[in-house]
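Here is how the chains run, residue by residue.
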Amino acid sequence: MLAYRITSFGSPPVLEEIASPSPAPHEVKIRIRACGLNFADLLLQKGTYQDTPKPPFTPGLEAAGEVTECGSAVTGLATGDRVAVFGGQGGLAQEGVFDATRVVAIPDSMSLEDAAALQIAYGTSHVALDHCARLQPGETLLVTGAAGGVGLTAVEIGKLMGARVIAHARGAGKLAVAQAAGADHLIDAEDDLLSVVKSLGGADVVYDAIGGDVWTAAFRSTNPGGRLLPIGFASGEVPQIPANHLLVKNLTVIGFYIGGYMKSHPEVIQHSLKTLMEWHGTGRISPHISHILPLERVEEGMELLRSRASTGKVVITP
């Protein structure tokens, strides 16, 4: 089978033929039809992601396809089932084996591309805003990187939860995408984030995927008693948080990493995914996929993430 492989950190990944895997007793084998790309896939290439395995390995955190074989101890799944999997790796290949506890059946109404694009981006935003930040109707939510893979879902989910949403992104095209997802106010990355948010009454909850100077401005724009979610650091700069400012303004900074929750609180992720599947089935959410590319063009997809040229998700179809 064909797979996109990281053979050593710092070296370009390669497309190569490898042996088709066989499932262990608690695993299922999946014919992969779609794999959603994430910024973490770029970090995996450099060995800087928090859950990076030792090379050689196949990246691709989330995928969807059909079950082709079940391990001897697997129950609740059968050959031919349409499924999605948050495997953490292995999605950028024509086949893969995954722990059955990470595999979920998907409804017939959901495309495999949507299933591959939904898990991490929507799961991150839903758990972060609902379970962690306890976003309330009528509160003001500031989303930075609002046209990206996770940012766009935060706009959509924040609006569904009844918040007033301020979207921050670069350029009119990306801001238009955020507006279509439900954003009430738009801020171009070239504008003064702090002054604009302050003029709008400040933010009660901040969902920041950028870090660096953007985080600093968002932090300063947060209202007393506000909650801040550092979701990612696309700028490449991890911000330092002044504890004395947290004290004075009674702010709460909430760390959230969905992969960690998969290990420590899997029931939270499972409940969230069930909710998201229901929302998708009733048309309340719909993944925005800007590019669908074959496996042979996966490096093109990676460059779209690297250059921030995509909106929403990039999906690879092995």
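As a reminder, the structure under discussion sits directly above these lines.
Remember, it's a predicted structure, so these values are computed and weren't measured experimentally.

1. A short note on the overall build of the chain
Right, on to step 1. Secondary structure summary: the chain contains ten helices and 15 strands in total.
Right, on to step 2. Compactness check: the chain gives a C-alpha radius of gyration of 19 Å against a globular reference of 20 Å for 318 residues, within 12% of the reference.
Right, on to step 3. Its C-alpha atoms give the chain principal-axis dimensions of about 60 × 40 × 35 Å.
Right, on to step 4. Here the chain holds 318 residues, and 52% of them are scored as buried.

2. What about the pairing of strand β5 (residues 82–86)?
Right, on to step 1. β5 sits mainly inside the fold: four of its five residues count as buried.
Right, on to step 2. Sheet analysis places strand β4 (residues 62–70) next to β5, joined by five bridges and oriented antiparallel. Along β5, the bridge assignment pairs alanine 64 with alanine 84.
Right, on to step 3. With three bridges joining them, β5 and strand β7 (residues 103–105) adopt antiparallel strand pairing. Bridging across to β7, valine 85 finds its partner in valine 103.

3. Topic: the environment of serine 264
Right, on to step 1. Here serine 264 shows up in helix α8 (residues 258–264).
Right, on to step 2. Spatially, the C-alpha atoms of serine 264 and leucine 246 are 27 Å apart, while their sequence positions differ by 18 residues.
Right, on to step 3. Only 2.9 Å separates the side chain of serine 264 from the side chain of histidine 265, close enough to count as a polar contact.

4. Observations concerning the sheet that holds strand β8 (residues 140–144)
Right, on to step 1. The strand order across the open sheet built from six strands is β10-β9-β8-β11-β12-β13, with neighbouring strands paired in parallel fashion. Two strands bound the open sheet, and with one partner strand each, they are β10 (185–188) and β13 (252–253).
Right, on to step 2. With five bridges joining them, β8 and strand β9 (residues 164–169) adopt parallel strand pairing. In the sheet register, threonine 140 faces β9, and the bridge partner there is arginine 164.
Right, on to step 3. Its contacts with the sheet put helix α3 (residues 151–160) on β8, β9 and β11 (203–208), and the angle it makes with β8 is roughly 165°.
Right, on to step 4. Taken strand by strand, helix α6 (residues 212–220) contacts β8, β9, β11, β12 (222–230) and β13, and its axis lies near 150° from that of β12.

What counts, and where the lines are drawn
- Residues numbered from 1 in each chain as written.
- Predicted model: local features only at pLDDT ≥ 70, side-chain atom pairs only at ≥ 80, totals over all residues.
- Heavy atoms only, no water.
- Helix = DSSP H or I, 4+ residues; strand = E, 2+ residues; numbered from the N terminus.
- Rg over C-alpha atoms; globule rule 2.2 N^0.38 Å.
- Buried < 20%, exposed > 50% of the residue type's maximum accessible area, 1.4 Å probe, protein only.
- Pairing = 2+ DSSP bridges.
- Polar contact = N/O pair within 3.5 Å; in protein donor to acceptor, adjacent residues only side chain to side chain.
- Contact = heavy atoms within 4.5 Å.
- Axes fitted to C-alpha atoms, helices over the stretch in contact; angles between N-to-C directions.

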